[in-house]
Amino acid sequence: MTDWVLPDGVLRDAPSYTPRPAELADLELLLSGAYAPLTGFLAGDDAASVARRGSLADGTPWPVPVTLVVPVEVAERLDPGQPVRRLLILTDPEGAPVAAVEAMELTEVRDGWFRVGGPVRRVGAPEHGAFRRLRRTPEEVRAGLPDGRVLGVIATRPLHRPQLAQIGNAARTIGAHVLVFVPVAGPTPEGLAPEVLVRSILAASDRIPPATIVAVPLASRGDEVRDGLLRARVAANYGATHLLSTGAAVGGAIRVVVPRDFAYDNRDGQWRPMDDVPPRQRRTAMSVDDINDLLDRGSPLPEWHTPPAVARELRKARPPRHQRGLVLLFTGLSGAGKSTVARGVGDALAESGERRATTLDGDVVRRMLSAGLGFSAEDRDRNIRRIGFVAAEVARHGGIALCAPIAPYARTRAEVREMAHAVGGDFVLVHVATPLAVCEERDRKGLYAKARAGMVPAFTGVTDPYEEPTDADLTLDTSKLSVEEAVEEVLDFLVSGGWLDSV
Ligand SMILES: Nc1ncnc2c1ncn2[C@@H]1O[C@H](COP(=O)(O)OS(=O)(=O)O)[C@@H](OP(=O)(O)O)[C@H]1O
Ligand SMILES: Nc1ncnc2c1ncn2[C@@H]1O[C@H](COP(=O)(O)OP(=O)(O)O)[C@@H](O)[C@H]1O
């Protein structure tokens, strides 16, 4: 698809919008030609027809809605009836223009949100990002493929020996070149970052017949049949003639090769089709949980199952728990004891010298990171997201972040959990569940008395909500525990979970 050179005036005057990550992923596939015959976001008839019948309005099969939805403020600046007001610039999350969509149609799909349908064109330089060199267009990939059969493989997970044996066997059986697609739109089903998945696949690539590897921002839509059809469509666009898939027949432009089950043969250390190995000599593929359990404990992945180069990548991405980043979020009412316990845990960690820790105390954060924020629901959320952001950075680098804000809202606490996981860290929610009456009795800063007297508006527990966690990993009631005992409980939890060796 050719780039679009827009006059500066048009670029400057057109509204711009940063689509959500899933929409940006679709945009990249539209621009690269991976979604051919689509050339833009679906409009009314096509969108309805795809949802109902799995085909475009003209009958061309197309499995999933590829749509763009914008808020009313953006929609108001567009007018499909006027060519000069049709253009919407789409930007990446940093605000750099990526593409323009020509809004041929605008339909309100839910309150305040409008679907924009129309063709897309690239503007500006292609995006950057890790492993960008592997994000090749179908045209480039097809040009480099050998003649004859091409077996597409969608590698949604790292390839261990059983999967490698399946691929090798399938490729040899049909005499095909292998074309591996690595989905990079988001984390793998078990939470590995896309770059880790790519690295683990590259580490395995010398164990399969000659292969072409391409990264595609293909995301699951949560519907197995439609996902399968979309993968087949994209694989065919890249030049695959066959697709290795356990899914039902996907039909159309590509033939499905169902992988055989493989087992490790104890007699000679080879992986071969399960039926060719006597049951007493078989070892079967390890589950994701088994693999993660070994990684968490710092035990090696067995060589009979995982090539050492792949194991190295997985180990780097999921170091043993005693080396892995951790966000510890203490939540509870004002005066519950969050800061006191967090400080005690921080001191114990400093004394043991085993782990590096950063304390993000509620009061300190409000003076530094969140100066100027108040206590409205929005400001509290902003405060917690800032804490979560910094804490996740600490975890990204293998440290422990001890955070002690009230964090009254469950949804925002869950966001922090996700932020920690997204960087390969762990998350532990400690509910400091000291009863309100005890906190009020302590009233260290006299704020409860002021709140009762109506002098502090929206005070948590008095005139503002606190959503009790239902997902706490540890619950402490400091009215029943001494400070030392509360600290000890947290440390014991960290030791039993493997984050600390001992204290
Ligand atoms: N309206 C209102 N509600 C709750 N708390 C208030 C309020 N106004 C001031 N304070 C003082 O601010 C501390 C709580 O700040 P946090 O950043 O932890 O709150 S939040 O997580 O953003 O909700 C909290 O300190 P801690 O006692 O250390 O929790 C209070 O002393
Ligand atoms: N078992 C306990 N754990 C924690 N704090 C306690 C305990 N018993 C009494 N306290 C007192 O309660 C107060 C808790 O204050 P703080 O830790 O600042 O709470 P928060 O950070 O939750 O607002 C402190 O004055 C602390 O000395």
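Residues numbered from 1 in each chain as written. Chains lettered and ligands numbered in written order. Predicted model: local features only at pLDDT ≥ 70, side-chain atom pairs only at ≥ 80, totals over all residues.

Naming follows an unreviewed UniProt entry, where the protein chain appears as Adenylyl-sulfate kinase of Actinocatenispora thailandica. According to its UniProt record, the protein chain has this under Pathway (unreviewed entry): "Sulfur metabolism; hydrogen sulfide biosynthesis; sulfite from sulfate: step 2/3." (UniProt positions renumbered as here; feature names shortened; annotations may be inferred.)

### Things to note about the overall build of the protein chain
Within the protein chain, the secondary structure is distributed over 17 helices and 20 strands. Considering only C-alpha atoms, the protein chain reaches an extent of 80 × 75 × 35 Å along its principal axes. Burial analysis of the protein chain (503 residues in total) assigns 39% to the buried set. Within the protein chain, contacts between residues at least 6 apart in sequence are counted, and of these 68% link residues at least 24 apart. (Helix = DSSP H or I, 4+ residues; strand = E, 2+ residues; numbered from the N terminus. Buried ≥ 20, exposed ≤ 12 C-beta atoms within 10 Å, placed from the backbone. Contact = placed C-beta atoms within 7 Å.)

### Considering the site of ligand 2
Neighbouring ligand 2 are 19 residues; Gly 337, Lys 338, Ser 339, Thr 340 and Thr 478 lie closest to it. Sorting the residues of the shell around ligand 2 by element identifies α11 (338-352) and α17 (483-497) as the ones contributing at least two each. The residue inventory of the shell around ligand 2, partitioned by class, reads seven nonpolar, nine polar and three charged. (Near = placed C-beta within 6 Å. Nonpolar A, V, L, I, M, F, W, Y, C, P; charged D, E, K, R; others polar.)

### Considering the domain arrangement of the protein chain
Segmentation of the protein chain into domains returns domain 1 (8-122), domain 2 (130-318) and domain 3 (321-497). For domain 2 versus domain 3, the distance between C-alpha centres works out to 41 Å. (Domains from an automatic or database assignment.)

### Here's the deal with the nonpolar core
Leu 88, Val 101 and Leu 151 are the most contacted members of the largest nonpolar core, which has 81 residues in total. For this core, the leading source of residues is helix α8 (residues 224-237), giving six residues. Shared between two domains, this core takes at least three residues from each, and those domains are domain 1 (8-122) and domain 2 (130-318). Residues contacting Leu 88, with those up to four places away along its chain left out, are Ala 14, Pro 15, Tyr 17, Val 74, Leu 78, Ala 100, Val 101, Ala 103 and Val 116. (Core = buried A, V, L, I, M, F, W, Y, C linked by C-beta atoms within 7 Å.)

### Notes on helix α10 (residues 308-317)
Turning to α10, its buried residues are Val 310, Ala 311, Glu 313 and Leu 314. Looking straight down α10, one finds its buried side chains confined to an arc of 160°; they lie on one side. Turned more than 90 degrees away from the buried face of α10 sit Pro 308 and Lys 316, all of them exposed. In this structure, the buried side of α10 is in contact with α7 (194-204) and α9 (288-297). (Arc of directions from axis to C-beta.)

### Re the site of ligand 1
Of all residues adjacent to ligand 1, which total 21 residues, the nearest are Ser 334, Gly 362, Phe 375, Pro 405 and Ile 406. Looking at the shell around ligand 1, the elements that each hand over two or more residues are α12 (362-367) and α13 (377-396). The residue makeup of the shell around ligand 1, split by class, is ten nonpolar, six polar and five charged.

### Re the UniProt feature "domain: ATP-sulfurylase PUA-like" (unreviewed entry) in the protein chain
Using the residue numbers shown here, the UniProt feature "domain: ATP-sulfurylase PUA-like" (unreviewed entry) corresponds to residues 18-106. Counting secondary structure, residues 18-106 comes out at 29% helix and 21% strand; the distance between its end C-alpha atoms is 17 Å.

### Considerations on the pairing of strand β6 (residues 105-110)
Sheet topology places β6 next to strand β7 (residues 113-122); five bridges connect them, and they run antiparallel. Residue Leu 106 lies in a different strand from β7, and its bridge partner there is Val 116. (Pairing = 2+ DSSP bridges.)

### Observations regarding the packing of α7 against α10
With their axes 8 Å apart at the nearest point, α7 and α10 run at an angle of 165° to one another. In terms of their interaxial angle, α7 and α10 are classed as roughly antiparallel. With respect to the hand of their crossing, α7 and α10 are arranged in right-handed fashion. Contact with α7, carried on its side by Val 196, Arg 199, Ser 200, Ala 203 and Ala 204, involves Ala 309, Val 310, Glu 313, Leu 314 and Ala 317 of α10 and no other residues of that element. Partitioning the contact of α7 with α10 into residue classes produces seven nonpolar, one polar and two charged. (Axes fitted to C-alpha atoms, helices over the stretch in contact; angles between N-to-C directions. Parallel < 35°, antiparallel > 145°, perpendicular 65-115°, else oblique. Left-handed = near helix turned anticlockwise from the far one by under 90°.)

### A closer look at helix α3 (residues 44-53)
Those residues of α3 not exposed but buried are Asp 46, Ala 47 and Val 50. Angularly, the buried residues of α3 cover 100° about the axis, an arc narrow enough to put them on a single face. Residues of α3 that are exposed and point over 90 degrees away from its buried face: Arg 52 and Arg 53. A positive backbone phi angle near 70° is found at Gly 54, which sits one or two residues after α3.

### A closer look at the sheet that holds strand β18 (residues 400-404)
Across a sheet, strands are paired by hydrogen bonds formed along the backbone, either parallel or antiparallel in direction. Taken in spatial order, the five strands of this open sheet run β17-β18-β16-β19-β20, and their pairing is parallel. The sheet is open, and its two edges are formed by β17 (357-361) and β20 (474-476), each paired on a single side. With strand direction ignored, the average angle separating the axes of adjacent strands in the sheet is 15°. Pairing of β17 with β18 involves five bridges; the strand directions are parallel. Looking at β18, one finds that Leu 360 is bridged to Cys 403. Strands β16 (326-331), β17 and β18 of the sheet are contacted by α13, whose axis makes an angle of about 160° with β18. Strands in contact with helix α14 (residues 410-422) are β16 and β19 (426-432); relative to β19, the strand with the most contacts, it is inclined by about 150°.

### Section: the UniProt feature "domain: APS kinase" (unreviewed entry) in the protein chain
Mapped onto this numbering, the UniProt entry gives "domain: APS kinase" (unreviewed entry) at residues 324-477. The span residues 324-477 is 44% helix and 17% strand, and its two end C-alpha atoms sit 28 Å from each other.

### Comments concerning the sheet that holds strand β9 (residues 177-183)
Spatially, five strands are ordered β10-β9-β8-β11-β12 in an open sheet, and the strand pairing comes out parallel. Among the strands making up the open sheet, the edge pair consists of β10 (211-216) and β12 (255-257). Pairs of neighbouring strands in the sheet enclose a mean axial angle of 25°, with direction left out of account. Taken together, the three bridges between strand β8 (residues 150-154) and strand β11 (residues 242-244) define a ladder with parallel strand orientation. From the neighbouring strand, Gly 152 faces β11, where its bridge partner is Leu 243.

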